Amino acid sequence: MAQARSYNSRLAHALGTCLAGGDPRALLAWLDRLSVAEFRAAGSLLGDRLLPELPSDQFWAYFVEIVPADRKAYLGTFLKAAARMVAGGTLDLNDPRLAQFLRQATPIDCSKTLEALLPVIHDGMQAEKLLRAMGQGRDIDFAPLLLKVGTPESYYLLFNQLRRGEADKDRLRLYSIQLLKKGDQLSLNMAAIIRQYFDIADLPATLSLKLPPYAFSRLDASHEAFIHILKGIYTPI
């Protein structure tokens, strides 16, 4: 155990020295020389400890140089760090280098990015902007992933997609059934919203969330209003 700690300490020191040098290409060259075991350990150290300690500007400088070099090897590590930074309020998701990456990312990379970041984003406009950047100029159906993530923000994005007319009645019913199968209260409430807002009949469940007529206009009003209704919190007018 002491030997493993010493090994990780030496590796962390070497990685920290590379990061302090401010040269992403030097770090990439150093990582490329590691053995499989060393690379795995380095990835854990970077994602859990070292990258989250960087200033936002420096993080994106490393991201845009290293991740495109080998998305399969590096995207997960950087997304783990990014999620920690977003949760801690230290990462700027409005950085143009993120938008640049997303415009060129594959649908799989976009899905991984959404799955990592949406659970820690609590700003509706920020979540919407991230989704738009991924879908700009491309035909990507994000609904299945938004259903899978299952956070208030992902359901807010899903509702906005659906009310723009991006799904027919059969697809809406399928989404509702998938939400019922998830079984948690947030998903059941989302199923109730879809059923009532889009008039989807014959769902195989009795749902506790019953929206009064005035609540329908509130769903469209704002991110905050939607989240409150999703959570079953609304006040009669």
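Residues numbered from 1 in each chain as written. Predicted model: local features only at pLDDT ≥ 70, side-chain atom pairs only at ≥ 80, totals over all residues. Heavy atoms only, no water.

**Quick word on helix H11 (residues 169-182)**
Here comes step 1: In a regular helix each residue adds 1.5 Å, so 14 residues correspond to 20 Å; H11 covers 20 Å between its end C-alpha atoms and thus fits that length.
Here comes step 2: Packing partners of the buried residues in H11 comprise helix H9 (143-149), helix H10 (152-163) and helix H12 (185-197).
Here comes step 3: The backbone nitrogen of Asp170 lies 3.3 Å from a side-chain oxygen of the residue at the head of H11, namely Asp168.
Here comes step 4: In the segment just after H11, Gly183 is the residue with positive phi, at about 85°. (Helix = DSSP H or I, 4+ residues; strand = E, 2+ residues; numbered from the N terminus. Expected span 1.5 Å × (residues − 1). Contact = heavy atoms within 4.5 Å. Polar contact = N/O pair within 3.5 Å; in protein donor to acceptor, adjacent residues only side chain to side chain.)

**Points about the nonpolar core**
Here comes step 1: With 84 residues, the main nonpolar core has Leu15, Phe59 and Phe226 as its most contacted residues.
Here comes step 2: Here this core gets nine residues from one element, more than from any other, and that element is helix H5 (residues 71-88). (Core = buried A, V, L, I, M, F, W, Y, C linked by side-chain atoms within 4.5 Å. Buried < 20%, exposed > 50% of the residue type's maximum accessible area, 1.4 Å probe, protein only.)

**Remarks on helix H4 (residues 56-66)**
The α-helix advances 3.6 residues per turn, and as a result positions three or four apart in sequence lie on the same side.
Here comes step 1: Buried within H4 we find Ser56, Phe59, Trp60, Tyr62, Phe63 and Ile66. Looking down the long axis of H4, one finds its buried residues gathered within 160° of arc, a one-sided arrangement. (Arc of directions from axis to C-beta.)

**Remarks on the packing of aromatic side chains**
For any two aromatic rings, the description comes down to two numbers: the centre-to-centre distance and the angle of the planes.
Here comes step 1: Applying the stated criterion across every chain, the model contains 13 aromatic pairs.
Here comes step 2: On the numbers, 6.2 Å between centres and 35° between planes, the contact of Phe59 with Phe63 is tilted. Of the two residues, Phe59 and Phe63 both sit in helix H4, four residues apart, roughly one turn of that helix. Each member of the pair, Phe59 as well as Phe63, carries the same accessibility label: buried.
Here comes step 3: Seen from their ring centres, Phe59 and Phe78 are 5.6 Å apart, and the 55° between their planes marks the pair as tilted. Pair noted here: Phe59 is in helix H4 and Phe78 is in helix H5, with a separation of 19 residues, a long-range link.
Here comes step 4: Given a relative accessible area of 2%, Phe78 falls into the buried group. (Phe/Tyr/Trp six-rings, centres within 6.5 Å; stacked < 30°, edge-to-face > 60°.)

**Quick word on the packing of helix H3 (residues 36-50) against H5**
Here comes step 1: Packing of H3 against H5 leaves a shortest axis separation of 7 Å and a crossing angle of 25°. Regarding the angle of H3 to H5, the classification is roughly parallel. Across the interface between the two elements, Phe39, Gly43, Leu46, Gly47 and Asp48 from H3 touch Ala73, Tyr74, Thr77, Lys80, Ala81 and Arg84 from H5.
Here comes step 2: Among the residues making up the contact of H3 with H5, the classes are represented as five nonpolar, three polar and three charged. (Axes fitted to C-alpha atoms, helices over the stretch in contact; angles between N-to-C directions. Parallel < 35°, antiparallel > 145°, perpendicular 65-115°, else oblique. Nonpolar A, V, L, I, M, F, W, Y, C, P; charged D, E, K, R; others polar.)

**Quick notes on the environment of Thr106**
Here comes step 1: In this structure, Thr106 sits in the loop between helix H6 (96-104) and helix H7 (107-117).
Here comes step 2: Along the chain, Thr106 and Arg71 lie 35 residues apart, while their C-alpha atoms are 9.8 Å from each other.

**A few points about the pattern of salt bridges**
Here comes step 1: Evaluated as defined, the whole model comprises eight salt bridges.
Here comes step 2: A salt bridge links Arg71 to Asp109; the nearest nitrogen and oxygen atoms lie 2.9 Å apart. Remark: Asp109 occurs in helix H7 and Arg71 occurs in helix H5; sequence separation between them is 38 residues.
Here comes step 3: In this structure Arg71 comes out as partly exposed when scored by relative accessible area, which is 24%. (Salt bridge = Lys/Arg side-chain N within 4 Å of Asp/Glu carboxyl O.)

**Examining unusual backbone geometry**
Here comes step 1: Not every positive phi belongs to a glycine, and Asp199 is a case in point at roughly 55°.
Here comes step 2: Judged by its relative accessible area of 62%, Asp199 falls in the exposed class.

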